Amino acid sequence: MPRLITVAAAQLGPIGRKEPRSSVLQRMLMLMERGATTGCQLLVFPEMALTTFFPRWHIEDEAELSAFFEREMPGPETMQLFEASRRLRISFYLGYCEQTPKGERYNTSILVHNGDIVGKYRKIHVPGNPVYDPSLKLQHLERWYFRDGDLGFKTFDALGSRVGMLICNDRRWPESFRVLGLQGVELICLGYNSPAQLPDMPEQNSLRVFHHLVPMQAAAYQNGTWVVATAKAGREEGCDMMGSSCIIAPSGEVVALSYTLDDELLSCTIDLDMTTAYKKFFDFGLYRRPECYNLIVERKAAGNPI
Ligand code: CDT
């Protein structure tokens, strides 16, 4: 008997700077209802799903900034998602901005199964600038707003599967996937907010979707895992954000791809046992040579030849 599960990328279109959470939550609940009627068991929402992608601005007004963060999860408004999860018996991955009781800020995701949080991750590869740089055409101030994630790359046994979580820029780093692969991950959920163009590196503009897909397709194949990656897409506050939400098989093939830049549910029934053949092909225990990989953990930046 194959281990079948129906998963969906729950892509969101743009969210305005002043759009209230209540409106975003209504849009998300509609996707959950639609997912439930089409038999979805897991919905993957984007990174920072509840608000606009505010790190494109240098916000000095603490009251405005603080409104982008969740101090409790579930909180009074996000409780609706948890109730829907319980009522519809549907699980979800949610990216959001977390503020701890000590005031620390993280770019976070959670895995919620039937209304209960069963996994939590804080983004490890936090990209962009640590300070406002007026010479740049596009600001990406995640490093100004967020700490580096401190929970490691963990897997969670849920939905009859071994699930891992990553957030946006993590998908560009093979180490993120390998650490999950070494824990036998079968399904990786990832939300993202990626500009469709890089005005400060325009030579990459025509390759943006390629650079989004190629590391995830390679990593799915090399680690024998499914990947569900979900965008916050479309023209958000004058900035074009990439769509191309996707579901990638352990073969490395893209088996579903979004076709809008708006709220869209992209579902696929996947066989978790398809991971087995690829995990056998890349038999880590037999073929990996960790004694030759020391530099990966000893060095951060590239240096002299050894
Ligand atoms: N959200 C996020 O991590 N975005 C980055 C943009 C980096 S380029 C400014 C990404 O890797 O897509």
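You'll find the structure just up there.
Report on the accompanying structure. (Residues numbered from 1 in each chain as written. Predicted model: local features only at pLDDT ≥ 70, side-chain atom pairs only at ≥ 80, totals over all residues. Heavy atoms only, no water.)

So, on to the overall build of the protein. Counting its secondary structure elements, the protein contains 9 helices and 14 strands. For the C-alpha atoms alone, the extent of the protein along its principal axes is close to 55 × 55 × 40 Å. For the protein, with 306 residues in total, the buried portion stands at 53%. Long-range pairs, those at least 24 residues apart, make up 69% of the contacts in the protein with a sequence separation of at least 6. For the protein, the accessible surface area stands at approximately 14000 Å², while carbon and sulfur atoms represent 56% of it. (Helix = DSSP H or I, 4+ residues; strand = E, 2+ residues; numbered from the N terminus. Buried < 20%, exposed > 50% of the residue type's maximum accessible area, 1.4 Å probe, protein only. Contact = heavy atoms within 4.5 Å. Areas by Shrake-Rupley, 256 points an atom, 1.4 Å probe, with all protein chains shown as cover.)

If you look at the biggest cluster of nonpolar residues, it comprises 44 residues, and the most contacted ones within it are Val-7, Leu-42, Leu-166, Leu-187, Met-216, Ile-247 and Ile-270. The residues touching Met-216, leaving out its near neighbours within four places in the chain, are Arg-171, Phe-177, Leu-190, Val-227, Ala-229, Cys-246 and Ile-248. If you look at the next biggest cluster of nonpolar residues, it comprises 26 residues, including Val-24, Cys-40, Phe-92 and Val-112. (Core = buried A, V, L, I, M, F, W, Y, C linked by side-chain atoms within 4.5 Å.)

We now examine the site of the ligand. Every residue near the ligand is listed here: Glu-47, Phe-53, Lys-123, Pro-127, His-140, Glu-142, Cys-168, Asn-169, Arg-171, Arg-172, Asn-193 and Ser-194. The separation between an oxygen atom of the ligand and a polar side-chain atom of Ser-194 is 2.6 Å. When the ligand sits alone it has 360 Å² of accessible area, and the protein chains cover 88% of it. Looking at the shell around the ligand, its residues break down into 3 nonpolar, 4 polar and 5 charged. (Near = heavy atom within 4 Å. Polar contact = N/O pair within 3.5 Å; in protein donor to acceptor, adjacent residues only side chain to side chain. Nonpolar A, V, L, I, M, F, W, Y, C, P; charged D, E, K, R; others polar.)

With respect to the helices and strands, the residue Gly-164 is situated in strand β7 (residues 161-167). Note on Gly-164: relative accessible area 0%, which makes it buried. C-alpha of Gly-164 to C-alpha of Gln-80: the two residues are 84 residues apart in sequence and 24 Å apart in space. Each residue touching Gly-164, except ones within four places of it in the same chain, is listed here: Lys-154, Leu-180, Val-185, Leu-187, Ile-188 and Cys-189.

Turning to the packing of aromatic side chains, a few remarks are in order. Applying the stated criterion across every chain yields a total of 11 aromatic pairs. Ring centres of Phe-54 and Phe-146 lie 6.0 Å apart, and the angle between their planes is 45°; this geometry places the pair in the tilted category. Linking Phe-54 in the loop between β2 (42-44) and α2 (62-66) with Phe-146 in the loop between α4 (142-145) and β6 (155-158), this pair joins segments that are 92 residues apart in sequence. With respect to burial, Phe-54 and Phe-146 carry one shared label: buried. Summarising the aromatic geometry, the rings of Tyr-221 and Phe-282 are spaced 5.0 Å apart at their centres and angled 80° between planes, so their arrangement reads as edge-to-face. Here the residue Tyr-221 occupies a position in helix α6 (residues 208-223), and Phe-282 occupies one in the loop between α7 (274-281) and α8 (284-287), the gap between them amounting to 61 residues. For Arg-171, the ring lying beneath its charged end belongs to Tyr-192, and the centroid distance is 4.5 Å. Above the face of the Phe-284 ring, Arg-288 is positioned so that its terminal group lies 5.8 Å from the ring centre. (Phe/Tyr/Trp six-rings, centres within 6.5 Å; stacked < 30°, edge-to-face > 60°. Lys NZ or Arg CZ within 6 Å of the ring centre and 35° of its normal.)

We now examine unusual backbone geometry. Met-73 connects to Pro-74 through a cis peptide bond whose omega is 0°. Along the chain, Pro-74 turns up in the loop between α2 and α3 (79-88). If you check the backbone angles, Cys-168 has positive phi at about 40° while not being a glycine. Here Cys-168 falls in the buried class, since its relative accessible area comes to 5%.

We now examine the pattern of salt bridges. Opposite charge on two side chains permits pairing when their charged atoms draw close. This structure, assessed with the given rule, holds 20 salt bridges. Between Glu-19 and Arg-27 there is a salt bridge whose closest N-O contact spans 3.1 Å. Judged by its relative accessible area of 23%, Glu-19 is partly exposed. Taking relative accessible area as the criterion, Arg-27 reaches 16% and is therefore assigned buried. (Salt bridge = Lys/Arg side-chain N within 4 Å of Asp/Glu carboxyl O.)

Okay, the side chain of Ser-85 next. With respect to the helices and strands, the residue Ser-85 is situated in helix α3. For Ser-85, a relative accessible area of 0% translates into the label buried. A distance of 2.7 Å separates a polar atom in the side chain of Ser-85 from the backbone oxygen of Ile-90. One polar contact links the side chain of Ser-85 to the main-chain amide nitrogen of Asn-114, over a distance of 3.4 Å.

Here the focus is the sheet that holds strand β14 (residues 264-271). Hydrogen bonds along the backbone pair up the strands of a sheet, which may run parallel or antiparallel. Read from one edge of the open sheet, 6 strands run β5-β4-β3-β2-β1-β14, paired in mixed fashion. Looking at the sheet topology across the chains shown, the edges are occupied by β5 (116-122) and β14. Between one strand axis and the next, the sheet turns by 30° as a mean value, whatever way the strands run. Sheet topology note: the strand β3 (residues 91-99)/strand β4 (residues 105-113) ladder contains 8 bridges and is antiparallel. Within β4, the residue paired with Tyr-96 across the bridge is Thr-108. Seen against the sheet, α3 touches β3, β4 and β5 and runs at an angle of roughly 165° to β3. (Pairing = 2+ DSSP bridges. Axes fitted to C-alpha atoms, helices over the stretch in contact; angles between N-to-C directions.)

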